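Structural description and commentary
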Amino acid sequence: MTSRRVAVIGMGGTIAMAPSASGGIVPSLDADDLVASMPWLANLDAKLTTTTLRSLPSPSLGFADLLALSDLVRAELAGGADGVVITHGTDTIEETAFFLDLTVPDDAPVVVTGAMRHPEAAGADGPANLYAAIGVALAPAARGLGTLVVMSDEVHGARFVRKSHTSSTGAFVSPGFGPLGLVVEGDPRIRGAARVGLTLPADPRVTERRVGLVTVALGDDGTLLRRAGGAFDGLVIAGLGAGHVPAGMVALVAEHAARIPVVLSTRTGAGSVLRQTYGYPGSERDLLERGLIHSGFLDPAKARVLLQLLVATGAGKQRITEAFDRFR
Ligand code: ASP
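This report concerns the structure included in the present document. (Residues numbered from 1 in each chain as written. Predicted model: local features only at pLDDT ≥ 70, side-chain atom pairs only at ≥ 80, totals over all residues. Heavy atoms only, no water.)

Some points on the packing of aromatic side chains
What counts is decided by this rule: Centres within 6.5 Å are what make two rings of Phe, Tyr or Trp a pair, Trp counting through its six-membered ring; a difference in plane orientation under 30 degrees is then read as stacked, over 60 as edge-to-face, and the rest as tilted. Runs of H or I in DSSP of at least four residues are treated as helices and runs of E of at least two as strands, each being numbered from the N terminus.
The tally for this structure, following the rule as stated, stands at five aromatic pairs. Taking 4.4 Å as the distance between ring centres and 25° as the angle between the ring planes, the aromatic pair formed by F160 and F177 counts as stacked. Pair noted here: F160 is in the loop between β8 (154-157) and β9 (162-163) and F177 is in the loop between β10 (172-173) and β11 (181-184), with a separation of 17 residues, a long-range link. Put simply, the rings of F160, F177 and F297 pair up and form one aromatic cluster.

If you want it as structure tokens, here you go:
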């Protein structure tokens, strides 16, 4: 009889949804139901304990929910769990995974999974994903890699993973880097590099600060930023291409960067913002010279999570810049 234990924490999402009387699928299964509906999980050489922390579609999760989750994950690991698996909606799985990656310093595997098809759909992927996620949570090779996202038998690092498709079961990718590993015949084969190793406190003030995400578009005259920018304690600019904005927006962006931390990322979906290639007004060189902070390889959604945690602890520009430099 095994002494290994995996804590399964339910947050909601399609993996736990069922058709509702009023139409459409809604969260309805708790973590116990999920585990009970998959009898083959009993074949695993591990004890599973379950907690339902939230039963929400993931677009409705907020930083207060992530704080509670981070606290619970740390408590489970301190209480002797060998690994933690979180079932979660796929829409924001990448933000939750990165939040945990930043706030849970343990080496034990923390694995987030979900489903693109609900449990009653033909070809539901939740059972296979949960099975693979538990296998990864028990794998010695998954230790020290930080938080992982397991979907479709692929193991992704929290700092790379993105949802890249609205409905495909192959929606999850790590652009430019690829997955850290694969689950082959139920056996995790992990080759990935260790986590970046930046740990930040899960500070309750994270719920009191606002970090905005502004995506720049062709012909953008900055109206959105001008009207709403003042409401934020920090901003992430999802710039064009390698980190660019229209020339007409430069003064406005610089004005904000003089007041609050403004991080420059890219809306392209892959690659790093550049530092020293383009020299025109609104280019990455221009914006960095005007005080914007380089996001490294972090995409806009993940840059926002990191900035939110940093702003919550009152970090100044230098500390923020150093933190983002870890993701170069
Ligand atoms: N909208 C759902 C959610 O994120 C999608 C999913 O779980 O796949 O909760």
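Thoughts on the site of the ligand
Heads up, the rule is: A molecule or strand has a residue near it when one of that residue's heavy atoms lies within 4 Å. Counted as a polar contact is a pair of N or O atoms within 3.5 Å, where, for protein atoms, one must be capable of donating a hydrogen and the other of accepting one, and residues adjacent in sequence contribute only when both atoms are in side chains. In these tables, accessible area is a Shrake-Rupley quantity obtained with a 1.4 Å probe, and a residue counts as shielded only by the protein chains included in the view. As a working rule, the residues Ala, Val, Leu, Ile, Met, Phe, Trp, Tyr, Cys and Pro are called nonpolar, Asp, Glu, Lys and Arg charged, and the rest polar, with Gly in that last group.
Near the ligand the following residues occur: G13, T14, M17, P57, S58, P59, G89, T90, D91 and A115. For the ligand, an oxygen atom lies 2.8 Å from a polar atom in the backbone of T14. In the model, an oxygen atom of the ligand is placed 2.9 Å from a nitrogen or oxygen of the A115 main chain. Protein coverage of the free-state accessible area of the ligand, which is 260 Å², stands at 86%. In terms of residue class, the shell around the ligand is built from four nonpolar, five polar and one charged.

Remarks on the nonpolar core
Condition: Among buried residues, the Ala, Val, Leu, Ile, Met, Phe, Trp, Tyr and Cys ones that are joined through side-chain atoms within 4.5 Å form a nonpolar core. Per-residue accessibility, obtained with a 1.4 Å probe over protein chains only, is compared with the maximum for each type, and a residue is labelled buried under 20%, exposed over 50%, and partly exposed between these values. In this analysis, two residues are considered to be in contact whenever any of their non-hydrogen atoms come within 4.5 Å of each other.
Counting residues in each nonpolar core, the largest one holds 30 residues, and the members touching the most others are V85, I134 and V136. Mapped by element, the contributors of at least two residues to this core are β1 (5-12), α1 (31-36), α4 (126-137) and β7 (147-151). Among the elements that take part in this core, α4 stands out by supplying six residues, more than any other. Leave out the neighbours within four places in its chain, and I134 touches V6, L41, L44, L48 and V85.

As for the pattern of salt bridges
Put simply, the rule reads: The salt bridge definition used is simple: a Lys or Arg side-chain nitrogen within 4 Å of an Asp or Glu carboxyl oxygen.
Going through the model one piece at a time under the given rule, you end up with 12 salt bridges. The partner of R5 in a salt bridge is E76, and the shortest N-O contact between them spans 3.1 Å. Taken as a pair, R5 in strand β1 and E76 in helix α2 (residues 63-78) lie far apart in primary sequence, 71 residues in all. Residue R5 shares its accessibility class with E76, and that shared class is buried.

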